[in-house]
Amino acid sequence: MARLDSVPATLAAREPSSAPAIPAAQVTSRHPALVRITHWIVTLCFFALLVSGTEIMISHPRFYWGETGNVLTKPLFQIPIPSSRALVPTGYGYVLPDQNGWSRYLHFQAAWIMVCTGLLYLIYGVFSGHFRKNLFPAGADLSWRALSSDFANHLRFRRPSASAAWSYNALQRLSYLIVIFVLFPLVIWTGLAMSLSFVSAFPVTVTLLGGQQSARTLHFFVSIALVLFLIVHVVMVCVAGFKSRMRAMITGGAVQKERP
Amino acid sequence: MSNLSRRKLIKAGIAATAGLSGLGVATHFAKKYGLIPPDSGGIWGLGETLTYASQRLLTRHSLAREFPRSMISKPPLANEMAPPSDAFKRLQAGGFADWRLTVDGMVAKPTSFSLAQLKSYPSRSQITILACEEGWSYIAEWIGVPLSHVLDAAGILPQARYVVYYSIAPGWWDSIDMADALHPQTFLAYGMNGGELPVGNGGPLRMRLPRQLGYKSVKFITHMSVTDDLKKFGKGLGSAAPEGGYAWYAGI
C-alpha cells in the first residue's frame, strides 16, 4: 500500500548532527500541510456547529416528517429535554434561557468556513492524488474477508503493525470516504433545504427530502451520524497511539514507532 | 536566508497583495450592488455577509413555494406573544375601524392609509409556509395587498433602498431591502384562511415575507418608513432583531 506521503521529508537533514539519532527513514511527514490545516479548521467548525446546533434544537426539541410541524402537530419523536421556549410542552416545569441569537450567527458562520475549507480540501484531494492514493481502497481490500478481518481487529482494539500504520486500512478508507462524500454533502444539503429563500430558487432540494420538516429531521440524523464518527475516530486515534497521531496531524512529523 | 525561502516569501507576498486587492474590489462591488447587510460589522459579519450576498445573487426574484389548499395546517397555530398594549386594546374595541398605517420617508406623498383603504386595493392571496427560527412551522393562506402596491400609492423615490416597518407594540420593528419590499409575495396581510387575520396571528395587519423566517413578518403594523440608510434607525443595525442578538437577514 502506498505511503500517506510519497515524499519522505527528511527531518534529519534540517537537524544538527548532534540531535538524537533517529534514522531518517523512520521519520517522515505523515500528512501533507494542507490536510493538517483543513483537518483542524474543520474540527473547530464542527464543534461550533455541534454546540450551536444543539442550542438551536433546544428551542424546539420536537421532530416531524413532511412540510410542517408545530406544537399542535403530533411529532415523529421528541427529545426528552427541557426547552428554551415556554410554548413547547416538554413536561418540565421550567424554561431554559434563549440562546438562539448567537447560536444562529455562529452556526452559519462556522458552516461557511467549513464549506469553504471543504472545497479547498476537495480541490486539493483531486489534484494532488490524495483521494486516489490515500482514501480510495484497493479492490482486493474490499473483499468481505478483508473487511471483516479489519473489522474484527478494530473490535479487539488491536494496534496495527508498524508498517500497516503508515497507510489507512480499507475500513478506515471507507469511513473517511463516507464522511467526506456522503455525510458532509448530506448535512449541507439538508441544512440548505431548511432555508425558505434557498428553496424558493431551488425547490427540488426540499421536495426530494419530503418537505422542510423532513429536512430538519434528516439534518438532525446526519449530525448524529457525524458525532458517532467523531467518537469512533477519537477512540481509534487513542488506540493507535494518541501522541504520535496527534503529532502527525499537527506538525506532520511522526515517529514510526510509538514509544511508551 | 536561502534562495528557496526568499522565493517563497516573494510568492507569499504577491499572493497576499493579490488577495487583499481582490478583497478590496469585491467589497467595492458588494457595496455597489447592495450585497452587504446592515449587521455586517462585528464578529458575525463574515457569515452574515456571505449569506446575504449569496442569497441576493441567487434568489433575488425567486418565488416562495406555494401549496394546495389541502395542505393548510389545521388547526391554525398562533404563537405566544406579549399582552397587547392599551393603544391596541382601544383600537380593538372599535373593531380596528381607526387602525392606520402611515407611510413616510423617501416617498413622494407621505400617506396614512386606513384598513378599509388597504382592503380596497386588489387583494392577493398565497398559501405559504410560515417557519420560525425555533424550528416549527405551519402553512396558511395569507390574504392581503402586495407591499409594492402600497409603496407605489405613496410614490416611492428612486433612491429608496430599504423599507423600515413598525408594530404598534413598542420596540418591535424591522426592515427589508427593496428586493424583498417589491417582491410579489411580500404582503401587508389582513386575512388568513379565508377570513379576517386573527389577532394571535398579527391581525388586523401584519407584514408577510414568505421567503424569510417568521420574526421578519412583524405583527400589528402601523408605520412604515422608506429610506436609503438604515444607520439612522435604532442602533443602526437594521432592525430590532440584531439589537436583540438575531440576524437582520432571515432568509437562511
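Computed from a predicted structure; not experimentally measured.

Novice: I tried to follow the overall build of chain B on my own but got confused; where do I start?
Specialist: Along its length, chain B carries 7 helices and 10 strands. Overall, chain B is about 85 × 40 × 30 Å in size when its C-alpha atoms are taken along their principal axes. In chain B, which comprises 252 residues, the share counted as buried stands at 43%. Long-range contacts, defined as pairs at least 24 residues apart, comprise 66% of the intrachain contacts of chain B with a sequence gap of at least 6.

Novice: Would you explain the overall build of chain A in this entry?
Specialist: Scanning chain A from terminus to terminus reveals 9 helices and 4 strands. Counting only residues that meet the buried cut, chain A has 27% of its 260 residues in that class. The long-range fraction of contacts in chain A, counting pairs at least 24 apart against all pairs at least 6 apart in sequence, stands at 63%.

Novice: Sorry, what's going on with the packing of helix α6 (residues 170-192) of chain A against helix α9 (residues 212-250) of chain A here?
Specialist: If you want to describe how two helices pack, look at the angle between their axes and the distance between the axes. Residue and element names in this part refer to chain A. For the pair α6 and α9, the least separation of the axes is 9 Å and the interaxial angle reads 150 degrees. As summarised for this structure, α6 and α9 are arranged roughly antiparallel, according to the angle between their axes. Note that α6 runs across α9; the crossing there is left-handed. Seen from α6, the contacting residues are S175, V179, L183, L186, V187, T190 and G191; seen from α9, they are A215, L218, H219, V222, S223, A225, L226 and F229. Within the contact of α6 with α9, the residues separate by chemical class into 10 nonpolar, 5 polar and no charged.

Novice: Help me understand the sheet that holds strand β5 (residues 162-167) of chain B, please; the structure alone is not making it clear to me.
Specialist: Neighbouring strands of a sheet are bound in pairs by backbone hydrogen bonds; such pairs are parallel or else antiparallel. All names here are of chain B. Judged by pairing direction, the sheet is mixed, and its 5 strands sit side by side in the order β2-β1-β10-β5-β6 without closing on themselves. Pairing within the sheet leaves two strands with one partner each, and these edge strands are β2 (111-114) and β6 (173-177). Each strand of the sheet is rotated relative to its neighbour by a mean of 20 degrees, with strand direction disregarded. In this sheet, β2 lies alongside strand β1 (residues 100-105) in antiparallel orientation, the contact comprising 4 bridges. Across the sheet, residue V103 finds its bridge partner in β2, namely T111.

Novice: Is there a simple way to explain the pairing of β1(B) in this structure?
Specialist: Moving residue by residue along a regular strand, the side chains alternate between the two faces of the sheet. Residue and element names in this part refer to chain B. Connecting the antiparallel pair β1 and β2 is a turn made up of 5 residues. For β1 and strand β10 (residues 221-227), the ladder comprises 4 bridges, and the chain directions are parallel. Within the sheet, the bridge partner assigned to G105 lies in β10 and is V226.

Novice: Can you help me understand the confidence of the model for chain B in this one?
Specialist: Low pLDDT means the predicted coordinates in that region are not meant to be read closely. Confidence in the prediction for chain B averages 93 pLDDT; 98% of positions are at 70 or higher. Confidence metrics for the complex model read pTM 0.88 and ipTM 0.91.

Novice: Mind showing me how you'd approach the nonpolar core here?
Specialist: Taken as a class, soluble globular proteins show a tendency for nonpolar side chains to be buried jointly. Of all hydrophobic cores here, the largest spans 79 residues; its most connected members are V150(B), V163(B), Y165(B), L188(B) and I221(B). Each residue touching Y165(B), except ones within four places of it in the same chain, is listed here: W173(B), D174(B), S175(B), M207(B), V218(B), I221(B) and M224(B).

Novice: Which parts of the structure should I look at to understand the interface of chain A and chain B?
Specialist: By a widespread convention, an interface's size corresponds to the accessible area lost as its parts come together. Listed as interface residues are 30 residues of chain A and, on the opposing side, 37 residues of chain B. No other element matches the 8 residues that helix α3 (residues 100-128) of chain A contributes to the side of chain A that touches chain B. Class assignment of the residues belonging to the side of chain A that touches chain B gives a composition of 13 nonpolar, 13 polar and 4 charged.

Novice: What should I look at first to understand unusual backbone geometry in this one?
Specialist: Glycine aside, the phi torsion of most residues is negative, and most peptide linkages are trans. Residues and elements named next belong to chain B. For the bond running from K74 to P75, omega is -5 degrees, close enough to zero to count as cis. Following the sequence through the fold, P75 ends up in the loop between α2 (45-59) and α3 (86-93). The backbone phi angle of F96 is positive, close to 60 degrees, even though this residue is not glycine. Residue F96 is classed as partly exposed on the basis of its C-beta count, with 18 C-beta atoms lying within 10 Å. One non-glycine residue, N193, lies in the positive phi region at around 50 degrees. Residue position: N193 is located in the loop between β7 (187-192) and β8 (195-196). By C-beta crowding, N193 is classed as buried, having 20 other C-beta atoms within 10 Å.

Novice: Explanation requested: helix α5 (residues 144-155) of chain A in the structure shown.
Specialist: Within an α-helix, residues lying three or four positions from one another point in the same direction, as the helix has 3.6 residues per turn. The first and last C-alpha atoms of α5(A) sit 16 Å apart over 12 residues, in line with the 16 Å expected at 1.5 Å per residue. Phi turns positive, to about 55 degrees, at F157(A), one or two residues after α5(A).

Novice: So what exactly am I meant to see when it comes to helix α2 (residues 33-58) of chain A here?
Specialist: Residues and elements named next belong to chain A. For α2, built from 26 residues, the straight-helix expectation of 38 Å at 1.5 Å per residue is met to within 8% by its first-to-last C-alpha distance of 38 Å. Among the residues of α2, T38, C45, L49, S52, G53, M57 and I58 are the ones counted as buried. Along its buried surface, α2 packs onto α3 and α9.

Novice: I would appreciate a short explanation of the packing of α2(A) against α9(A) in the present structure.
Specialist: All names here are of chain A. As a packed pair, α2 and α9 sit with axes 12 Å apart at the nearest point and diverge in direction by 145 degrees. The chirality of how α2 crosses α9 is left-handed. Contacts between α2 and α9 involve R36, H39, L50, G53 and M57 on the former and, on the latter, F220, S223, V227, M249 and I250. Its residues assigned to classes, the contact of α2 with α9 shows 6 nonpolar, 3 polar and 1 charged.

Novice: Mind showing me how you'd approach the environment of T59(B) here?
Specialist: Secondary-structure assignment places T59(B) in helix α2. Its 22 C-beta neighbours within 10 Å are what place T59(B) among the buried residues. Aside from chain neighbours lying at most four places away, what touches T59(B) is S197(A), F198(A), S200(A) and A201(A).

Novice: Any chance you could explain the environment of S125(B) here in plain terms?
Specialist: Residues and elements named next belong to chain B. Within the secondary structure layout, S125 lies in strand β3 (residues 124-131). Overall, the presence of 16 C-beta atoms within 10 Å leaves S125 in the partly exposed class. Through-space distance from the C-alpha of S125 to that of A189 is 8.8 Å; in sequence the pair is 64 residues apart.

Novice: Looking at this structure, how should I read the confidence of the model for chain A?
Specialist: Summary statistics for chain A give a mean pLDDT of 85 and a share of 84% for residues scoring 70 or more. The model gives residues 1-27 of chain A a pLDDT under 50, and that stretch makes 28 contacts with residues more than four places away or in other chains.

Quick notes on the rules
Residues numbered from 1 in each chain as written. Chains lettered and ligands numbered in written order. Predicted model: local features only at pLDDT ≥ 70, side-chain atom pairs only at ≥ 80, totals over all residues. Helix = DSSP H or I, 4+ residues; strand = E, 2+ residues; numbered from the N terminus. Buried ≥ 20, exposed ≤ 12 C-beta atoms within 10 Å, placed from the backbone. Contact = placed C-beta atoms within 7 Å. Axes fitted to C-alpha atoms, helices over the stretch in contact; angles between N-to-C directions. Parallel < 35°, antiparallel > 145°, perpendicular 65-115°, else oblique. Left-handed = near helix turned anticlockwise from the far one by under 90°. Nonpolar A, V, L, I, M, F, W, Y, C, P; charged D, E, K, R; others polar. Pairing = 2+ DSSP bridges. pLDDT = per-residue confidence, 0-100. Core = buried A, V, L, I, M, F, W, Y, C linked by C-beta atoms within 7 Å. Expected span 1.5 Å × (residues − 1).

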